Amino acid sequence: MKIYYIFLLLLFVVLPLSAQVNVIPQPNKIEYHKGSCPLKTPITYITDNSIPSKEGYELIVQPKKIILKFSSKAGKFYAEQTLAQLIFQAEQESKKVLPCLSIIDAPRFSYRALMIDPARHYWKVEDIKKYIDVMAQYKLNYLHLHLNDDQGWRIEIKKYPKLTEVGAKRTDFEGSKRNNEGYYTQEEMKNLVAYGLERNVQLVPEFDMPGHNDATVAAYPFLSCNDTIITVRTTSGVSKNLLCVGKEKVFSFIDDVITELSTIFPCTYFHIGGDEAPMDKWQESKEVRTLKNKENLKDDSQLMSYFFEKVNTSLLKNGKQPLIWMELDVPVYPKNSIMYLWRINTTKQVLERAKKDNFKLICSPGEYAYFDYPQAKDDLPNVNWMPTLPLEKVLLFNPGFNLSKEEEKQYILGVEATLWGESVKDLFRAFYMTYPRALALSEVGWTQMPQRSWQAFVDRLEGQLSYLWHQGVNYRVPVELAN
Ligand code: ACM
């Protein structure tokens, strides 16, 4: 009798455990079955329109069959990513077989993004492609490109050539005397958009405004309130040279830029910035005073709302929906906006505001999702003044907060990690800051809470670090986990 129990224990406990697979993000449902399947087994692809999520898929491994089911190209791509991870694991463990199992999987959130900042330090097209390759296999599906800032303008706009002739060049940064120069031609960017789409990654452009525009004003001084002559900014920080809300020709410029960008980026989402825009120069401007009287704007904060409404007109004309870094002191945003939760310690107020104004949110809070923050104290030179963001903290993030299921569906579109680029001079550093934290972020965006735990993530991490290693990705070794 005892032997019988031991046999049962082996069958139901040890067997499934030994078959544990290292997939990231953790699939939402896995069932292990008896038996194994040779690695070289041909794959059967089955379109199944009853799979409700476009990104969802089923993966069935049987003794003589591997079946992938999906209802769209995205689901097929994700089924293949999961299978590739299973095959890599088997090969690493010197096995010639896969465990028999069935996976039924679909994402928790539709928006799962990383943001990069080529404005601060230009990225070569090839490097962005490598970055896309790696994120795509973890089912991250949007890459947000921060294309302009005080320190650089990085996309060709045919009607305004000086944006790149002047705005894409900088001779120094923080006293390093290092040139930074480069921009994407429209052809290059279209090619990059297509490259992303083949991997289920949509590129989201950001034209940050009205603040963060020194490079823009350096190229075209008429865009500022007092036609300020400046150079592209060579230090970090927040500039006061806003695009001028009081000039109609500023809105014509914005309309032209949005129209050209809309021919490059098919994605409906279009980021229009909105962060860190001190209004000092607006307040001093004669044109802005005239506008306030004409539009009967009593409070200066209404100027910001007026600005975004006008920009939104251009977006609507081009079939786009605004994404905006939310600032709590802006009283009204366009009704169709999707707002970013980003500032540290503002979650409660932003959630209240989302409910009041019926906005959807992209969750990118500094506490959990700012990948420019170091992963440990003393890990890197010159960034110890920043908070640290350890891997475990990213994994523990729940973008559902304490909302009900219905509220989560109504208010939360997804998650995004931001890799601000002041200290990110090359792809080597970018990968170091991104991985392994993006593995945790992918799980935050994809996997339902009951299927997530820190320990289960750690158990799968080593295999995934090996996967990254084989692809030449420079991740940070999470040394604090060694014991
Ligand atoms: C931001 O971190 N300035 C959005």
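The following paragraphs examine the structure supplied in this document. Just so it is clear, the structure is predicted and the values come from calculations on it, not from any experiment.

Procedures and definitions
- Residues numbered from 1 in each chain as written.
- Predicted model: local features only at pLDDT ≥ 70, side-chain atom pairs only at ≥ 80, totals over all residues.
- Heavy atoms only, no water.
- Buried < 20%, exposed > 50% of the residue type's maximum accessible area, 1.4 Å probe, protein only.
- Helix = DSSP H or I, 4+ residues; strand = E, 2+ residues; numbered from the N terminus.
- Pairing = 2+ DSSP bridges.
- Phe/Tyr/Trp six-rings, centres within 6.5 Å; stacked < 30°, edge-to-face > 60°.
- Lys NZ or Arg CZ within 6 Å of the ring centre and 35° of its normal.
- Expected span 1.5 Å × (residues − 1).
- Polar contact = N/O pair within 3.5 Å; in protein donor to acceptor, adjacent residues only side chain to side chain.
- Salt bridge = Lys/Arg side-chain N within 4 Å of Asp/Glu carboxyl O.
- Axes fitted to C-alpha atoms, helices over the stretch in contact; angles between N-to-C directions.
- 1 Å grid on protein atoms, 1.4 Å probe; cavity = no way out; pocket = protein on both sides within 12 Å on 5 of 7 lines; lining within 4 Å.
- Points joined across faces, edges and corners; volume = space filled by probe spheres on them.
- Nonpolar A, V, L, I, M, F, W, Y, C, P; charged D, E, K, R; others polar.
- Parallel < 35°, antiparallel > 145°, perpendicular 65-115°, else oblique.
- Left-handed = near helix turned anticlockwise from the far one by under 90°.
- Contact = heavy atoms within 4.5 Å.
- Core = buried A, V, L, I, M, F, W, Y, C linked by side-chain atoms within 4.5 Å.
- Disulfide = S-S within 2.5 Å.

### Topic: the pairing of strand 3 (residues 57-62)
Then step 1. Of all six residues in strand 3, five are buried, a share of seventy percent or more.
Then step 2. The sheet contact formed by strand 3 and strand 4 (residues 65-70) spans six bridges and is antiparallel. Bridge pairing links Tyr57 to Phe70 in strand 4.
Then step 3. Relative to strand 5 (residues 97-105), strand 3 runs antiparallel, the two sharing five bridges. Residue pairing for strand 5: Val61 is matched across the bridge by Leu101.

### Structural notes on the packing of aromatic side chains
Then step 1. If you walk through the whole model with that rule in mind, you get 32 aromatic pairs.
Then step 2. Residues Phe431 and Tyr435 carry aromatic rings whose centres are separated by 6.0 Å and whose planes lie at 55° to one another, so their mutual orientation is tilted.
Then step 3. The exposure class of Tyr435 is buried, given its relative accessible area of 1%.
Then step 4. Positioned above the aromatic ring of Tyr45, the side-chain terminus of Lys76 is 5.1 Å from the ring centre.
Then step 5. Over the ring of Phe251 we find Lys310; its NZ or CZ atom is 5.0 Å from the centre of that ring.

### Considering helix 2 (residues 73-92)
Then step 1. With 20 residues, helix 2 extends 29 Å between its outermost C-alpha atoms, agreeing within 8% with the 28 Å of an ideal straight helix rising 1.5 Å per residue.
Then step 2. Where helix 2 begins, one side-chain oxygen reaches toward the backbone nitrogen of Ala74, 3.2 Å away; that side chain belongs to Ser72.
Then step 3. Phi turns positive one or two residues past the end of helix 2, at Ser94, with a value near 55°.

### Structural notes on the pattern of salt bridges
Then step 1. By the definition in use, this model includes 29 salt bridges.
Then step 2. The partner of Asp117 in a salt bridge is Arg120, with the nearest N and O atoms 2.9 Å apart.
Then step 3. For Arg120, a relative accessible area of 3% translates into the label buried.
Then step 4. Notably, a salt bridge pairs Lys310 with Glu248, separated by 3.1 Å at the nearest N-O pair. Of this pair, Lys310 sits in helix 10 (residues 301-317) while Glu248 sits in helix 7 (residues 248-264), and the two are 62 residues apart along the sequence.
Then step 5. Exposure remark for Lys310: the relative accessible area of 24% places this residue in the partly exposed category.
Then step 6. In the salt-bridge network here, residues are joined through shared partners; they are Asp117, Arg120, Asp149 and Glu422.

### Side note on the sheet that holds strand 5
Sheet strands line up and pair through hydrogen bonds in the backbone, either parallel or antiparallel.
Then step 1. An order of 1-5-3-4-2 is seen for the five strands of this open sheet, with the pairing classed as mixed. If you trace the sheet from one side to the other, it starts and ends with strand 1 (29-38) and strand 2 (43-47), each paired once. Across the sheet, the mean angle from the axis of one strand to that of its neighbour is 20°, orientation sign disregarded.

### Structural notes on empty space enclosed by the protein
Then step 1. All chains considered together, the criterion is met by three cavities of 30 Å³ or more.
Then step 2. Considered as a void within the structure, the largest cavity measures approximately 40 Å³ in volume.
Then step 3. Forming the walls of the largest cavity are Asp372, Val383, Met386, Trp420, Glu422, Ser423, Val424, Arg429 and Met433.
Then step 4. Per-class residue counts for the lining of the largest cavity are five nonpolar, one polar and three charged.

### Observations regarding the packing of helix 16 (residues 437-446) against helix 17 (residues 454-470)
Then step 1. Interhelical geometry of helix 16 versus helix 17 gives an angle of 125° and a closest axis separation of 11 Å. Between helix 16 and helix 17, the angle falls in the class oblique. Crossing angle aside, the handedness with which helix 16 passes helix 17 is right-handed. Residues Leu439, Ala440 and Glu443 of helix 16 touch helix 17, and the partners they reach there are Phe457, Arg460, Leu461, Gln464 and Leu468.
Then step 2. Looking at the contact of helix 16 with helix 17 residue by residue, the classes come out as five nonpolar, one polar and two charged.

### Some details on the side chain of Glu55
Then step 1. Mapping Glu55 onto the fold places it in the loop between strand 2 and strand 3.
Then step 2. In this structure the side chain of Glu55 is engaged in a polar contact, spanning 2.9 Å, whose partner is the side chain of Asn141.
Then step 3. Side-chain polar atoms of Glu55 contact the side chain of Asn200, separated by 2.9 Å.
Then step 4. Excluding anything up to four places from it in sequence, Glu55 contacts Ala74, Gly75, Tyr78, Pro107, Ser110, Arg112, Asn141, Asn200 and Trp446.

### Focus on the sheet that holds strand 13 (residues 269-273)
Then step 1. Spatially, the eight strands close up into a barrel ordered 6-7-12-13-14-15-16-17, and their pairing is parallel. This sheet shows a mean twist of 30° between the axes of neighbouring strands, independent of strand direction.
Then step 2. Across four bridges, strand 6 (residues 111-116) lies against strand 7 (residues 142-146) in parallel orientation. In the sheet register, Ala113 faces strand 7, and the bridge partner there is Tyr142.

### Focus: the nonpolar core
Generally speaking, soluble globular proteins have nonpolar side chains that are buried together.
Then step 1. The biggest cluster of nonpolar side chains holds 152 residues, and the ones touching the most others in it are Leu114, Tyr131, Leu143, Ile254 and Tyr435.
Then step 2. In terms of residue count, the dominant contributor to this core is helix 7 (eight residues).

### Some details on the state of the cysteines
Then step 1. Enumeration according to the criterion identifies one disulfide in this entry.
Then step 2. Disulfide partner of Cys225: Cys244, at an S-S distance of 2.3 Å. Between Cys225 and Cys244 the disulfide shows an S-S torsion of about 85°. By sign, it is right-handed. Of this pair, Cys225 sits in the loop between helix 6 (214-219) and helix 7 while Cys244 is found in the loop between helix 6 and helix 7, placing the two residues 19 residues apart along the sequence. Of the two residues, Cys225 and Cys244, both sit in the buried class.
Then step 3. Here Cys100 stays unpaired: no disulfide links it, and the sulfur of Cys37, its closest cysteine neighbor, is 6.1 Å away.
Then step 4. Cysteine Cys267 remains unbridged, with the sulfur of Cys363 as its closest cysteine sulfur at 18 Å.

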